[in-house]
Amino acid sequence: MSDPGRARRRRPRVRAVAAAAALTLVAPMAAACGSGEDGGTPTINLYHPPEQNMQRVVDDCNAQAGGRYKIVYRVLPRQADDQRVQMVRRLAAQDTGMDVLGLDVTWTQEFASAGWIREWTGQDRAEVERGTLAGPLETARYEDKLYGAPKNTNVQLLWYRKDLVAQPPKTWDQMISAAQELKQQGKPHQVLTMGAQYEGLVVLYNTLAESAGGKILSDDGKQAVMDAGTVRALEQLQRFATSGVASPSFSNATEDPVRLEFQSGDGAFQVNWPFVYPAMQEANPELAKQVGWARVPGIDENTPSKVTIGGANMAVSAYSEHPEESFEAARCLRNEKNQKFSAINDGVPPTIERVYDEPEMAEAYPMRDVIVEQLKEPAVRPLTPAYQSISTVMSALLSPPSAIRPEQTAGELRDAIADALESKGVLP
């Protein structure tokens, strides 16, 4: 997710090496593991990232199961890269002790291509697709088949100071100009967002590229393209980095430091995830009264931006000994009732559109109309099993953004992405 808690990802290795290491490290453990039975009741092991109130969702689904099975919540590590390492190792070892998996949206294609997760078919698939927003659904597909059930999504917003700016800018150039005027007036002026060498920088660039109508990969995900739109995005990113209104820490900035810097009153604009809203309400309520939100700026004034989405998909392990119960459990964990509960209590935006219309959502998500607007026409990160490798080389070549040379960097990205698609080289 490059959204909070999921931003630092594992640096990928060549698949064969990773699989071999996984088998060596995990095979003895896998032999001892399994989806255990408790007095004849199947245990459905849910491996999911930490969520403060996830156990209450699990309890609700266990009550609905009526004793036919019992879901046990196995909490994954907090960092996304550690989550992925644990799941990859165990799945490569064909561990039967994993049933339902909470996957970052960028992992679904990789796990599907490796044969580690099961396809959603028939009534299970129909129930997942009914009412689910198109963007999150796209992240759950591989080769026109559904391999995940979108549990929650996420999308960045533009946060701006209403006491400094009359109207939110529609383009990055407008935002830069407004910030430069504020700087000349000696007012808070910085444009704050994530520019460190990690997934957050890839998310920022992907948003710019998609907003410029650019293509990083071909439609089938098998070839590097890096067309004129992606070059425009590189120009925009470099122009912002050298504009004098980015934070001095831009090239090292990640989500929470960006939030804190804006919260301290230094910034006029912030591009960040919705988690900043409740944090600001608590930490600086006076400033929060002056903060508005809008769609992330685009490249052209007459073309709305396309903003990169994050989130999690529920998948069923190919090695689960209880696939039927696992699919039922996954459907329950991400159903409309539980998505609303998790949205309000854990701050994870729903993937089912009608949940946003619930009255209780108005207080938790006053910016919900903008979130839904962006989710209906989102930018999705390149959909390919090689995404982890591609993300690693992209973040390296984009960093620091001030050193970007648009045409040259586009060519370097094209070559590096092409190599990553063919699994050339051993990436750190």
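What you see is a predicted model, and the numbers here were worked out from it, not measured in a lab. (Residues numbered from 1 in each chain as written. Predicted model: local features only at pLDDT ≥ 70, side-chain atom pairs only at ≥ 80, totals over all residues. Heavy atoms only, no water.)

Re the overall build of the chain
Now for step 1: Along the chain, the regular secondary structure elements total 18 helices and 12 strands.
Now for step 2: Across the 428 residues in the chain, those meeting the buried criterion constitute 57%.
Now for step 3: By sequence separation, contacts in the chain at least 24 residues apart represent 76% of the contacts at least 6 residues apart. (Helix = DSSP H or I, 4+ residues; strand = E, 2+ residues; numbered from the N terminus. Buried < 20%, exposed > 50% of the residue type's maximum accessible area, 1.4 Å probe, protein only. Contact = heavy atoms within 4.5 Å.)

Side note on the sheet that holds strand β8 (residues 157-161)
Now for step 1: The strand order across the open sheet built from 4 strands is β9-β10-β8-β11, with neighbouring strands paired in mixed fashion. Looking at the sheet topology across the chains shown, the edges are occupied by β9 (190-192) and β11 (291-294). Neighbour-to-neighbour, the strand axes of this sheet turn through a mean angle of 20°, independent of strand direction.
Now for step 2: Of the strand pairs in this sheet, β8 and β11 are connected by 4 bridges, and their pairing is antiparallel. Across the sheet, residue Leu158 finds its bridge partner in β11, namely Ala294.
Now for step 3: This element, helix α7 (residues 172-184), spans β8, β9 and β10 (267-272) of the sheet and lies at about 150° to β10. (Pairing = 2+ DSSP bridges. Axes fitted to C-alpha atoms, helices over the stretch in contact; angles between N-to-C directions.)

Structural notes on the pairing of strand β2 (residues 41-48)
Now for step 1: Within β2, 7 of the 8 residues are buried, which leaves it mostly tucked inside the rest of the structure.
Now for step 2: In this structure, β2 lies alongside strand β3 (residues 70-75), joined through 6 bridges in parallel fashion. Its bridge partner being in β3, Thr43 is matched across the sheet by Lys70.
Now for step 3: Once the chain exits β2 it traverses helix α2 (residues 54-65) before rejoining the sheet at β3, and the crossover so formed is right-handed. (Right-handed = clockwise from strand over helix to strand, strands pointing away.)

Section: the packing of α2 against helix α14 (residues 336-346)
Now for step 1: Orientation of α2 relative to α14, taken along the N-to-C sense of each, is 160°, at an axis distance of 10 Å. Our classification of the angle between α2 and α14 gives roughly antiparallel. Every pair of crossing elements has a handedness; the one defined by α2 and α14 is right-handed. Along its contact with α2, which presents Met54, Arg56, Val57, Asp60 and Cys61, the element α14 presents Lys337, Asn338, Phe341, Ser342 and Asp346.
Now for step 2: Taken together, the residues of the contact of α2 with α14 sort by class into 4 nonpolar, 2 polar and 4 charged. (Parallel < 35°, antiparallel > 145°, perpendicular 65-115°, else oblique. Left-handed = near helix turned anticlockwise from the far one by under 90°. Nonpolar A, V, L, I, M, F, W, Y, C, P; charged D, E, K, R; others polar.)

Considering the nonpolar core
Now for step 1: Counting 78 residues, the largest nonpolar core has Trp172, Tyr205, Leu237, Phe269 and Ile417 as its most contacted members.
Now for step 2: Top contributing element to this core by residue count: helix α8 (residues 199-211), with 7 residues.
Now for step 3: Apart from the residues lying within four places of it in its own chain, the contact partners of Trp172 are Val191, Thr193, Leu204, Leu208, Gln236, Phe240, Val271, Val296, Pro297 and Gly298. (Core = buried A, V, L, I, M, F, W, Y, C linked by side-chain atoms within 4.5 Å.)

Comments concerning the state of the cysteines
Now for step 1: Evaluation of the coordinates by the stated rule reveals 1 disulfide.
Now for step 2: Disulfide pairing places Cys61 opposite Cys332 at an S-S distance of 2.1 Å. In this structure the cystine formed by Cys61 and Cys332 twists about its S-S bond by roughly -100°; its chirality is therefore left-handed. Of this pair, Cys61 sits in helix α2 while Cys332 sits in helix α13 (residues 323-333), and the two are 271 residues apart along the sequence.
Now for step 3: For Cys61, a relative accessible area of 1% gives the class buried. (Disulfide = S-S within 2.5 Å.)

What to know about helix α10 (residues 255-263)
Now for step 1: Among all positions in α10, only Glu255, Val258, Arg259, Glu261, Phe262 and Gln263 are buried.
Now for step 2: Contacts made by the buried residues of α10 are with β8, β9, β10, α11 (276-283), α12 (285-288) and β11.
Now for step 3: Following α10 by one or two positions, Gly265 adopts a phi angle in the positive range, close to 100°.

Examining the pattern of salt bridges
Now for step 1: Counting across every chain of the model gives 22 salt bridges.
Now for step 2: Measuring nitrogen to oxygen at the nearest pair gives 2.6 Å for the salt bridge that ties Asp95 to Arg90. Here the two residues Asp95 and Arg90 agree in accessibility, since each one is buried.
Now for step 3: Across the salt bridge formed by Arg125 and Glu129, the nearest N and O atoms sit 2.8 Å from each other. With Arg125 and Glu129 both in helix α5 (residues 122-129) and 4 residues apart, the pair spans about one turn of that helix.
Now for step 4: Put simply, Asp124, Glu127 and Arg331 are held in one network by salt bridges that share partners. (Salt bridge = Lys/Arg side-chain N within 4 Å of Asp/Glu carboxyl O.)

Things to note about the packing of α8 against helix α17 (residues 387-398)
Now for step 1: Their axes nearest at 9 Å, the elements α8 and α17 cross at an angle of 85°. Considering the angle they form, α8 stands roughly perpendicular to α17. Here Glu199, Leu201, Val202 and Tyr205 of α8 lie close against α17, whose contacting residues are Tyr387, Ser391, Met394, Ser395 and Leu398.
Now for step 2: Looking at the contact of α8 with α17 residue by residue, the class counts come to 6 nonpolar, 2 polar and 1 charged.

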